[in-house]
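# Structural characterization, general
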Amino acid sequence: MIGNIIRLGWKNVWRNPTRSGVVIIAVMLGTWAGIFSAGFFNGMVQDVLDNQIELSIGHIQIMHPQFEDLYDPKYAVDNSDQVFEHLQGQPYVTDISVKSIASGLAQSTRSNFGVTINGINPQPKSTLAINQYLTEGQMLQPNDRNGILIGNKLAERLGLDLKSRMVLSFQDVDGEITGGAFRVAGIFKTFSSNYNENTVFVQRDDLNRLQGMENAIHNIRIDTDNMAKAETYADSLRATFPSLEVKTWRDLAPDLRYMFDMMDMMLYIVMIIIIIGLIFSIINTMLMAVMERTRELGMLRAIGMNKARTFSMVIWETVFLTLVGSPAGLLLGWGTISYFESTGINLSAFAEGLSIYGFGTVVYPTLDGMYYFNIMLMVAAAALLSALYPAWKSLQLNPVEAIRKLN
Amino acid sequence: MAVITTKDVTKVYNSDQVPVHALRGVDLEIKKGEFTAIVGPSGSGKTTLLNIIGGLDAPTNGRVIVQGTDLGTLSDSELIDFRLHHIGFVFQAYNLIPVLTSIENVSFVMQMQGKPAQEYNAKSEQLLEEVGLADKIHKRPSELSGGQQQRVAVARALASKPDFVLADEPTANLDSVSSGDLLDMMADLNKKEEMTFVFSTHDQRVIDRARRIVTLVDGQIDKDEVKD
């Protein structure tokens, strides 16, 4: 009998094709909108994360435990050769780069501004990530003494052009203020306006010399084969080098971590809001369907259809109504995301606003397969939830009242 | 043996705080194979009596016994099940399921009874043939005339092999030709299969064909005549 009740439920869906069609399309569009917006925002956050990791954070960083507190140059990684040797033997390490870092003041004849000074070796790939963002000039060359790369925002603020001279002031190894004159070798413009304003790159040798140190390394950045395993890799490094501070991208960029975690939650919140809207739309439609069939439902009860069958018939109707539109919406959402995942969505019209938050101007929507599965579960749960009230309502029918309406 | 027995059945509706006595102590016995018309003016209690006999409504007082079962002792779900297996209904407005074909409408009751597909399909075809709709088994109600729909409704009422069929004003929506055909068909089923029919009706054509006429006036049996 259950097969026949299911069949009847399916046929009932198509009694009023226009009304059912509207609900099915609403479910489809709702599911699509949920999937697509989730993919869009996920892509945005993933983009920020990928950019930040590529440009400045990496997957893991190793430093002296006290360096981060004061950026005091004396807290360098003393056993950097030993660390290097160890890292080069690890199969998960895909790239290693080193930096000297100072916190200082950039000055020009017009103005000054606080900056983070990165002393880099121009060779390794990851430190060269800035290379792709250069809009003027060129990357620092090994023989290019006292060259400096600055962001376009800083250049604007200090009134600097290519080849302009500027002064950097910072603390040396003895705690005294020191400084040096640098010549602008290149101007970069990344996705983040903050970064473009408060970050500069010089050669590590130049920085070390002014700091009164030789070959000092304050930060070792490691890129791995899988950023999701960064914590596991970091644990093993912590065990090997207990005297050093080993941090993963999640520790180094808590704002990104929170954004990432929050976005994960937001994706579901957006979907829940859409589903709540759909639930009311489905309940409304099903109530109409039940109410206009009072006579028929009364007749069915009169000739012997029990409450369980009446209830399940309405449940199946609702489930069908929902489950026709939902897979179509999922498919449409998957198709849209797959298309834009390769072509991207150009938001250059909003570039200024987006760069304040470090977002890129082209968003590549992306969504984990698990999310599609979870959405399917949520929609199925919503279908059942929407079905309960109309189904309960159908049971409240008194066959005698219905019989009176019959005649 | 009596298929239906009502003992001192009363029904009082409390409408706007004013009690309305729809039935006042109805004692009735209907035997197997009877073709009975319950007649009377509007408001005399015909439909109420039919609802109570059919287990759709409960009497305020008194008892209704169908094939030895006191309907007052059954729970709601037992009553639904009892109706499914023992009582056939024919309604004035046909009330077929519009999304199902004739054969599906007829077989639906047997499906609810848990009969196997082979059995309910064969039986439904046979019943539709008996009511003269062998060529309409795959038609939906919207493709049938009023008379044809009511024939499907009769076939549906008989599908559960009920002890009796209750028909509330079955000809009220039909033209005279369709009414005549339908009544001929029911009379034929009554004669051949000894199926018990109980009608509530105003229709003189039904009254003319009935072999027993129970007249209700103000909720009481005024006359109970059996034709020779």
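Conventions and cut-offs
- Residues numbered from 1 in each chain as written.
- Chains lettered and ligands numbered in written order.
- Predicted model: local features only at pLDDT ≥ 70, side-chain atom pairs only at ≥ 80, totals over all residues.
- Contact = placed C-beta atoms within 7 Å.
- Helix = DSSP H or I, 4+ residues; strand = E, 2+ residues; numbered from the N terminus.
- Nonpolar A, V, L, I, M, F, W, Y, C, P; charged D, E, K, R; others polar.
- Core = buried A, V, L, I, M, F, W, Y, C linked by C-beta atoms within 7 Å.
- Buried ≥ 20, exposed ≤ 12 C-beta atoms within 10 Å, placed from the backbone.
- Pairing = 2+ DSSP bridges.
- Axes fitted to C-alpha atoms, helices over the stretch in contact; angles between N-to-C directions.
- Domains from an automatic or database assignment.
- Parallel < 35°, antiparallel > 145°, perpendicular 65-115°, else oblique.
- Left-handed = near helix turned anticlockwise from the far one by under 90°.

Here the focus is the interface of chain A and chain B. Contact with chain A, which involves 20 residues of that partner, is made by 23 residues of chain B. Counting residues per element, the ones that place at least two in the side of chain A that touches chain B are helix H1 (2–13), helix H11 (294–303) and helix H15 (399–406) of chain A. With six residues, H11(A) is the single largest residue contributor to the side of chain A that touches chain B. For the side of chain A that touches chain B, the class distribution of residues is nine nonpolar, five polar and six charged.

For the rest of this paragraph, the subject is the nonpolar core. Ranked by internal contacts, the top residues of the largest apolar core, which has 111 residues, are B:Ile38, B:Ala155, B:Leu158, B:Val165, B:Leu166 and B:Val198. Ignoring anything within four residues of it in the chain, the contact list for B:Leu158 reads B:Gly88, B:Leu127, B:Val165, B:Leu189 and B:Met195.

Residue and element names in this part refer to chain B. Read from one edge of the open sheet, six strands run S6-S7-S8-S3-S9-S10, paired in mixed fashion. With partners counted over all chains shown, the strands left at the sheet margins are strand S6 (87–90) and strand S10 (220–226), one partner each. Mean inter-strand twist for the sheet, computed between neighbouring axes without regard to direction, equals 20°. Sheet analysis places strand S3 (residues 35–39) next to strand S8 (residues 196–200), joined by four bridges and oriented parallel. Bridge pairing in S8 places Phe35 opposite Phe197. Contacting S3, strand S7 (164–168), S8 and strand S9 (212–217), helix H1 (residues 46–53) crosses the sheet at an angle of about 145° to S8.

Attention shifts here to the domain arrangement of chain A. Each assigned domain of chain A is listed with its residue range as follows: domain 1 (2–52 + 257–406) and domain 2 (65–243). The gap between the C-alpha centroids of domain 1 of chain A and domain 2 of chain A is 50 Å.

Here the focus is the packing of helix H4 (residues 117–130) of chain B against helix H5 (residues 146–159) of chain B. Residues and elements named next belong to chain B. For the pair H4 and H5, interaxial distance at closest approach is 9 Å and the crossing angle is 135°. As judged from the angle between their axes, H4 and H5 are oblique. Here the hand of the crossing between H4 and H5 comes out right-handed. Counting all contacts with H4, which are made through Lys123, Ser124, Leu127 and Leu128, the residues of H5 involved are Ala155, Leu158 and Ala159. Here the contact of H4 with H5 is composed, by residue class, of five nonpolar, one polar and one charged.

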